[in-house]
Amino acid sequence: MGRLNTFPLSLKVQGRRIVIVGGGEEALNKARLAVKTTAQVVIVSPHLEADFSALPVEVLERRFQPSDLDNAAMVFVADHGPDASVAQDAARARNIPLNVVDVPGECDFFTPAIIDRAPLTIAISSEGRAPVLARLVRARIEAVLSPRLGNLASLAGGLRHRVESLIQDGAARRRFYQALVTSPEIERAEAAGHGHEAAESLLAAHVEAGSGAGVVWLIGAGPGSEDLLTLRAQRLLQDADVIVHDQLVPDVVVQMARRDAEQIAVGKAKGHHSFSQAQINTLLVRLASEGKRVARLKSGDPMVFGRAGEEIAALRKAGIAYQVVPGVSAALAAAADTATPVTLRKVSSGFIMATAHGAEDDELQHWALLAGAGMTLGLYMGKSIAGEVAARLVAHGASETLPVGIVVNAGRASRTLYSGTLGALAANQLDFADGPAVILVGEAVAEGDWAEAAQMAASSFKVA
Ligand code: SAH
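Cut-offs and rules
- Residues numbered from 1 in each chain as written.
- Predicted model: local features only at pLDDT ≥ 70, side-chain atom pairs only at ≥ 80, totals over all residues.
- Heavy atoms only, no water.
- Pairing = 2+ DSSP bridges.
- Helix = DSSP H or I, 4+ residues; strand = E, 2+ residues; numbered from the N terminus.
- Contact = heavy atoms within 4.5 Å.
- Axes fitted to C-alpha atoms, helices over the stretch in contact; angles between N-to-C directions.
- Core = buried A, V, L, I, M, F, W, Y, C linked by side-chain atoms within 4.5 Å.
- Buried < 20%, exposed > 50% of the residue type's maximum accessible area, 1.4 Å probe, protein only.
- Salt bridge = Lys/Arg side-chain N within 4 Å of Asp/Glu carboxyl O.
- Parallel < 35°, antiparallel > 145°, perpendicular 65-115°, else oblique.
- Left-handed = near helix turned anticlockwise from the far one by under 90°.
- Nonpolar A, V, L, I, M, F, W, Y, C, P; charged D, E, K, R; others polar.

J.: Where do I start with the sheet that holds strand 18 (residues 454-455) in this structure?
T.: Strands pair in a sheet through their backbones, by hydrogen bonds, and they do so in one of two ways: parallel or antiparallel. Taken in spatial order, the six strands of this open sheet run 13-14-17-15-16-18, and their pairing is mixed. Of all the strands in the sheet, the pair left with one neighbour each is strand 13 (351-355) and strand 18. Strands in contact with helix 13 (residues 330-337) are strand 13, strand 14 (376-380), strand 15 (403-408) and strand 17 (437-441); relative to strand 17, the strand with the most contacts, it is inclined by about 70°.

J.: How do you make sense of the nonpolar core when you look at a structure like this?
T.: The biggest cluster of nonpolar side chains holds 27 residues, and the ones touching the most others in it are Leu379, Leu393, Ile406 and Val441. For this core, the secondary structure elements donating two or more residues are helix 14 (367-371), strand 14, helix 15 (386-395), strand 15, helix 16 (422-427) and strand 17. With four residues, helix 15 is the largest single contributor of residues to this core. Once residues lying within four places of it in the same chain are set aside, the contact partners of Val441 are Met375, Thr376, Leu377, Leu379, Leu393, Leu402, Pro403, Val404 and Leu422. Ile18, Ala39, Leu55 and Ala73 belong to the second largest nonpolar core, which has 20 residues in total.

J.: Hey, could you run me through the pattern of salt bridges in this one?
T.: Side chains that carry opposite charge are capable of pairing whenever their charged atoms lie near each other. Enumeration over the complete set of coordinates arrives at 20 salt bridges. Between Asp83 and Arg63 there is a salt bridge whose closest N-O contact spans 2.7 Å. With Asp83 in helix 2 (residues 83-93) and Arg63 in the loop between strand 3 (58-60) and strand 4 (72-77), this pair connects stretches of sequence that are 20 residues apart. The exposure class of Asp83 is buried, given its relative accessible area of 3%.

J.: Explanation requested: the packing of helix 11 (residues 277-289) against helix 12 (residues 308-318) in the structure shown.
T.: The relative placement of two packed helices is expressed as an angle between their axes plus a distance between the axes. Interhelical geometry of helix 11 versus helix 12 gives an angle of 40° and a closest axis separation of 9 Å. Classified by the interaxial angle, the pair formed by helix 11 and helix 12 is oblique. In the crossing of helix 11 with helix 12, the sense of the turn from one axis to the other is right-handed. Contact with helix 11, carried on its side by Gln277, Ile280, Asn281, Leu284 and Val285, involves Glu310, Glu311, Ala314, Leu315 and Ala318 of helix 12 and no other residues of that element. The residue inventory of the contact of helix 11 with helix 12, partitioned by class, reads six nonpolar, two polar and two charged.

Rendered as structure tokens:
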């Protein structure tokens, strides 16, 4: 690892001045940074080109003079006129840290990219060498931190004495603080102005529960690409002690969780059930009862063919707190992959998500309804019986010419598309790519972009 040429630190500026010499865009950028602090920000320039009126700064519209640096904690020189060197010399003579914008060789310090969750600050520095990279890293960190984290940190700070007197055990205290700054309910309450009350009742709950109450988050993992996870899902995955995930959730998504979180695969892959649903329910209740924060990670959206209903019922019965985090369901990922508008004025007035399961026997009664719906269908769990699905719909009155699109591995780089008609699907034994698949059926399907799709038969619908 290389060594640093600069040392990151937090400089006190309260009660002092930050002086910016210059009146253009560069000066404005520095002013935006400087006004994040409580320092008095002073702009000195005979020609103001940028508009500083929206910022709480003092503007001196004149030439720079060395006494402008009285009580200054730092100086930015963002001026290309004769004042630049005067200001630099003055700063050096007074030993005031100096930053000459875009001239690294003249700088005593660099400004990091800042993530502001006051009182919490995260500064990312590249020693002035790769500011674009620093901003990129900042954007990523911004995304995983609640915008209200600073307020939550202040909330936690305000409760310190009470927490110390009420919770003796260090680990339990840590769990309380962690719950306080990561709980979506507290965040919501804080945003609505009831943060203090919510924090107090959380504290009461933790005191009562002794070791700290567990919770189960039922989290939608989306179709299987890590960047189709919601930010909330990602945050909770970072907070969880245990991840209980389905087989369908790819490793790249599971790896978004905290490194040292325990991982339990309750593989419900087609063909082998390593855990029964009853065993999964029992597992979730047990883990949460031990005080653990459990991320129950399900593919797509947890409320769509995810058996979330049974898990929630078990949690309710055991009196365990839970929360559901939505995810991108496979059929919607398939629609996005193929730019298929599942609802479309005058073509499709609705979208039905249905299981294809049972097309090969008489388990389900919904075929007549689906065949006559006149809406777009998103059929799950139907790949291995796709021909029977099409035949069922036709047998119940759907037109053989109705467009069909199948997306295997929707939402993933490895997606594979097939397009055709109900008739073609019913008549042909297709050899699909490996992976889960969604079958889209309906007139609106023909409006999508299926140009890269393999055709089910010569009679396939023509691409719009
Ligand atoms: N809760 C999930 C569905 C789970 S049921 C969701 O909302 O997406 C499992 C079925 O989902 C599979 O049989 C398949 O039909 C579908 N599925 C899940 N992931 C998929 C993907 N990436 N591409 C296509 N279909 C998928």
